[in-house]
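Given next are the chains, with one letter for each unit.
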Amino acid sequence: EKEVKYGQITELPRQDDAMKKWRSNRFGQFIHWGLYAIPGGVWKGKTYEYAAEFLKSSAGISTATWDSLQYQFNPIKFNAMAWAKMAKAMGVKYATITTKHHEGFCLWPSEYTDFDIENTPYGKDLLGEFIEAYNAEGIDVSLYYSVLDWHHPDWRYKLNSEEDKEAFERLKIFTKNQLLELLDRYPTVKGLWFDGTWDQCWKDNGQFSYELEKKLKEKHPGLVVNSRMRADEYGSRHFDSNGVLMGDYESGYERRLPNPWDIEVTKNDWECCMTIPENQWGYHKDWTLTHIKTANELIEMLVQCTSQNGNFLLNFGPTGEGDFREEEVKLAKEIGDWMDDNSSAIYNCGYAGLKKQGWGYFTQNNDSETTINMVVFNKPINGKYRVKLNKGSVIKKAYLLSKPDKALDLEEISNGEYFIEAKKVKTKDPFVIIIELENKDSKKFHQKALT
Ligand SMILES: COc1ccc([C@H]2[C@H](O)[C@H](O)[C@H](C)N2C)cc1
């Protein structure tokens, strides 16, 4: 064990109401929006396959040229209420929006920079409109903030000289001021999603990020912060040098999921953030470059996250004009239609304390001791679903969520192990079988105490 002074601040897992709400939300919408949405991955007629929000570096564009995009930013199609209604219909309970991505452009009128929405043809407080509209639909809002800032003259990747150190001290003050400003301006926000914290400059400032997390949480009770914000004094990120998680949840799952059989991951809160194309967070004009995930693929990721006590944050990249691609609108509808019928296996659900089986994923409602959800993605050819529950568990009845009054045939194989027969399932979509137990699924709740 190393002596770590600037490691974890909050005892995890948090059991306060704000964190319980974060946990029960399960499904969120990520929004990546900034100046990069204007060129959309194309520069001087050339299409760049790399992530569109990195076009400045992949096309080798000067900061002056890139920053002049600010005078073109005029999303005439932006309608925050329409966005919020689409998100509501999709079934998300929270949304995380880029207030400032690596380019440094701020979607809110910041008093600490002119490189912001106020100095664009649009001019209005776009971020404020977004938060108000999403909150009006009952959707919690968290704010993404990139510490890495290509625009700011005091940004330094490494601190090699006294001049570097002085510059970065100014950058740290700027960062703290902007974050306090965001929490002042938007008191209803629930969390901060930090990014751009992998460089040496930040890893050398573990004490600063420790004190910053404390100050932000003192100012904004209940604030939920991702592990990506932090480095300890040895430069260890996400987890401190003794392997203790920092922030409030693990946010290392970017465009990747844990092994579905992994139960270690269930011990902490965590979130997977996911793109619809393979690697585009910002709007890209050309979606033929890579595989585009289908609704069923994305639903399976959401279900897998829930089954392992994680949240799923699905990304959308609005165009420079402020609307969504038709593919994104279609996916939001398809996912929403599924959520309309099956969200009881997602909201306020988590790890059931059971080993994953081949047909799909177990989830269990956090408020229920005797009801287990089976979300099926792979129908067995004989229509019989093998379920291995905890020893001593007895199934009272099992039924399709879509047909609650028709009990399915059961065959007990051994203590706590059954076949559930569901031969006549017509749907082509993933579906849910509900198991109701005779007795409290004690092992699961015992395990819950352990986490
Ligand atoms: C160098 O590899 C990177 C760096 C930053 C990212 C950024 C993306 O732009 C997006 O904001 C994602 C959440 N973040 C990690 C992704 C991959």
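Look up a bit, the structure's there.
My aim in this report is to walk through the structure given alongside it, one point at a time. (Residues numbered from 1 in each chain as written. Predicted model: local features only at pLDDT ≥ 70, side-chain atom pairs only at ≥ 80, totals over all residues. Heavy atoms only, no water.)

Comments concerning unusual backbone geometry
Point 1. Residue Pro13 is bonded to the preceding Leu12 through a cis peptide linkage, with omega at -5°.
Point 2. Its identity as a non-glycine residue notwithstanding, Arg26 has a phi of 65°, on the positive side.
Point 3. Within the secondary structure, Arg26 is located in the loop between helix 1 (17–25) and strand 1 (27–31).
Point 4. Taking relative accessible area as the criterion, Arg26 reaches 1% and is therefore assigned buried.
Point 5. Non-glycine residue Arg255 carries a positive phi angle of around 60°.
Point 6. Take Arg255: it is sitting in the loop between strand 8 (250–254) and strand 9 (270–274). (Helix = DSSP H or I, 4+ residues; strand = E, 2+ residues; numbered from the N terminus. Buried < 20%, exposed > 50% of the residue type's maximum accessible area, 1.4 Å probe, protein only.)

Focus on a positive patch on the surface
Point 1. Taken together, Lys379, Lys403, Lys406, Lys424 and Lys426 make up a surface patch of like positive charges.
Point 2. When you line up the elements, Lys426 lands in the loop between strand 18 (417–421) and strand 19 (431–437). (Patch = residues over 30% accessible without salt bridge, like charges linked within 9 Å, V, L, I, M, F, W, Y side chains within 5 Å. Areas by Shrake-Rupley, 256 points an atom, 1.4 Å probe, with all protein chains shown as cover. Salt bridge = Lys/Arg side-chain N within 4 Å of Asp/Glu carboxyl O. Lys, Arg positive; Asp, Glu negative; His and termini not counted. Charge placed at Lys NZ, Arg CZ, Asp CG, Glu CD.)

A closer look at the packing of helix 6 (residues 162–185) against helix 8 (residues 206–219)
Pairs of packed helices are described in terms of their axes, by the angle between the two and the distance that separates them.
Point 1. Viewed as axis vectors pointing N to C, helix 6 and helix 8 meet at an angle of 20°, and their least axial separation amounts to 11 Å. By the criterion of interaxial angle, the relationship of helix 6 to helix 8 is roughly parallel. With respect to the hand of their crossing, helix 6 and helix 8 are arranged in right-handed fashion. Across the interface between the two elements, Lys172, Lys176, Leu179, Leu180, Leu183 and Asp184 of helix 6 pack against Phe208, Leu212, Lys215, Leu216 and Lys219 of helix 8.
Point 2. For the contact of helix 6 with helix 8, a count of residues per class yields six nonpolar, no polar and five charged. (Axes fitted to C-alpha atoms, helices over the stretch in contact; angles between N-to-C directions. Parallel < 35°, antiparallel > 145°, perpendicular 65-115°, else oblique. Left-handed = near helix turned anticlockwise from the far one by under 90°. Contact = heavy atoms within 4.5 Å. Nonpolar A, V, L, I, M, F, W, Y, C, P; charged D, E, K, R; others polar.)

Concerning the site of the ligand
Point 1. Taken together, His32, Glu53, Phe54, His101, His102, Tyr144, Trp193, Asp195, Trp198, Arg228, Glu254 and Trp281 make up all the residues around the ligand.
Point 2. At 3.4 Å, a side-chain N or O of Tyr144 approaches an oxygen atom of the ligand.
Point 3. Relative to its unbound accessible surface of 410 Å², the ligand loses 81% to contact with the protein. (Near = heavy atom within 4 Å. Polar contact = N/O pair within 3.5 Å; in protein donor to acceptor, adjacent residues only side chain to side chain.)

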